[in-house]
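# A look at the structure
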Amino acid sequence: MNFLSALSSFLFVLILQIVPIRPSSATTIVVLKTRSEIVAGAESMGVYITGDRRISNSFCKIHQVHDFFIASAGFYDTRAGQRLNIEEVVTRVARKTDPFTVAMNRSSSAIASALSQAVSDAREDDGLYNVLVRGNVVTFFFGFEDGKPATYSHRFSVMTQRESKVPLIEGTDDGCGPQCVPADGNPYLMHTRSQAMDNFRSTNRGLLRDDPVAFVRSMIFSDIAANKDRSGPPVDILRIDQNGPNWIEKKPNCL
């Protein structure tokens, strides 16, 4: 079974609003970096598409790959062995001996290539093609690099015409590497696009400064409350410091 027929026959995760389809709508992920630690959180809802039906389900969005972690939002596959299973893409290309930045760059190129091939394979399926070209995929990479916390995000958008033989994928990135030192009381914060989370951040700077874990948890729940059609509990929260990763909250089925 080729990629396109597999895509048409099974449930696929679309972690953005289906109607209307908007690149700015995505699942809820927050990654925060202080001078000494990283706090990351994600809610659990996935919206699957089968024919003209929407089905909500719960799954894990934060994954460990070797010595670092990833979390993704957008249109991707959670089934084993599929082209757009981002956890598998990253695991396949990132070598355990790679420095964090090298592993991240390998992974970023591989995700862009997988998305390009998925768009190419979907040309004969109008519904699927339109979802892919109007949406995007964003992957957060976070962990310790050279003994210091590092957080990055890579966003991939389809920038191509249907007639193009090789779909063009535009990539943008952001981040705060090991040499990026946030000011005291002003952690570096990345999250998926959401007006609700922007509003929460602007009105809760004290909580951001004083309790990063509580801030991440509350920020995610503020987005869930505002966007119940695409985000939902439970919430997984991970803290990483010099002593290694520590799950503050985690679903039992998440590794």
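What counts and how
- Residues numbered from 1 in each chain as written.
- Predicted model: local features only at pLDDT ≥ 70, side-chain atom pairs only at ≥ 80, totals over all residues.
- Heavy atoms only, no water.
- Buried < 20%, exposed > 50% of the residue type's maximum accessible area, 1.4 Å probe, protein only.
- Helix = DSSP H or I, 4+ residues; strand = E, 2+ residues; numbered from the N terminus.
- Pairing = 2+ DSSP bridges.
- Core = buried A, V, L, I, M, F, W, Y, C linked by side-chain atoms within 4.5 Å.
- Contact = heavy atoms within 4.5 Å.
- Disulfide = S-S within 2.5 Å.
- Axes fitted to C-alpha atoms, helices over the stretch in contact; angles between N-to-C directions.
- Parallel < 35°, antiparallel > 145°, perpendicular 65-115°, else oblique.
- Left-handed = near helix turned anticlockwise from the far one by under 90°.
- Nonpolar A, V, L, I, M, F, W, Y, C, P; charged D, E, K, R; others polar.

## A closer look at the pairing of strand 2 (residues 29–33)
For strand 2, the buried fraction is high: five of the five residues fall into the buried class. Here five bridges tie strand 2 to strand 3 (residues 38–42), and the two strands are oriented antiparallel to one another. Counted as the bridge partner of leucine 32 is valine 39 from strand 3. Pairing analysis gives four bridges linking strand 2 to strand 11 (residues 188–191), with the strands arranged antiparallel. From the neighbouring strand, valine 31 faces strand 11, where its bridge partner is methionine 190.

## Some remarks on the nonpolar core
The biggest cluster of nonpolar side chains holds 25 residues, and the ones touching the most others in it are Phe68, Ile70, Val90, Ile111, Leu115, Phe141 and Phe156. Ranked by the residues each element gives to this core, the list is headed by helix 3 (residues 100–121), at 10 residues. If near-sequence neighbours (up to four positions away) are discounted, phenylalanine 141 is found in contact with Phe68, Phe69, Ile70, Phe100, Met104, Ser107, Ile111, Ala150, Thr151, Tyr152 and His154.

## A few points about the state of the cysteines
Within this structure, the stated rule accounts for one disulfide. Here cysteine 176 pairs with cysteine 180 through a disulfide, and the sulfurs are 1.9 Å apart. Since a negative S-S torsion denotes a left-handed disulfide, the cysteine 176-cysteine 180 link at about -90° is left-handed. Owing to a relative accessible area of 0%, cysteine 176 belongs among the buried residues under this scheme. By relative accessible area, cysteine 180 is classed as partly exposed at 30%.

## Some remarks on the sheet that holds strand 11
Read across the sheet, five strands follow the order 11-2-3-12-13 without closing on themselves; strand pairing throughout is antiparallel. Both edges of this open sheet fall to strand 11 and strand 13 (244–249), since each of them pairs with a single strand only. The sheet shows a mean angle of 15° between the axes of neighbouring strands, taken without regard to direction. Across the sheet, helix 7 (residues 212–226) touches strand 2, strand 3, strand 11, strand 12 (236–241) and strand 13, and the angle it forms with strand 3 is around 20°.

## Focus: the packing of helix 2 (residues 86–93) against helix 3
Following both chains from N to C, one finds helix 2 and helix 3 inclined at 135°, their axes separated by 9 Å at the closest point. Here helix 2 lies oblique to helix 3, going by the angle between them. Of the two possible hands of crossing, helix 2 and helix 3 adopt the one that is right-handed. Counted together, Ile86, Val89, Val90 and Val93 of helix 2 and Arg106, Ser107, Ala110, Ile111 and Ala114 of helix 3 form the full contact between these two elements. The residue makeup of the contact of helix 2 with helix 3, split by class, is seven nonpolar, one polar and one charged.

By themselves, these figures tell us nothing about what the structure is for.
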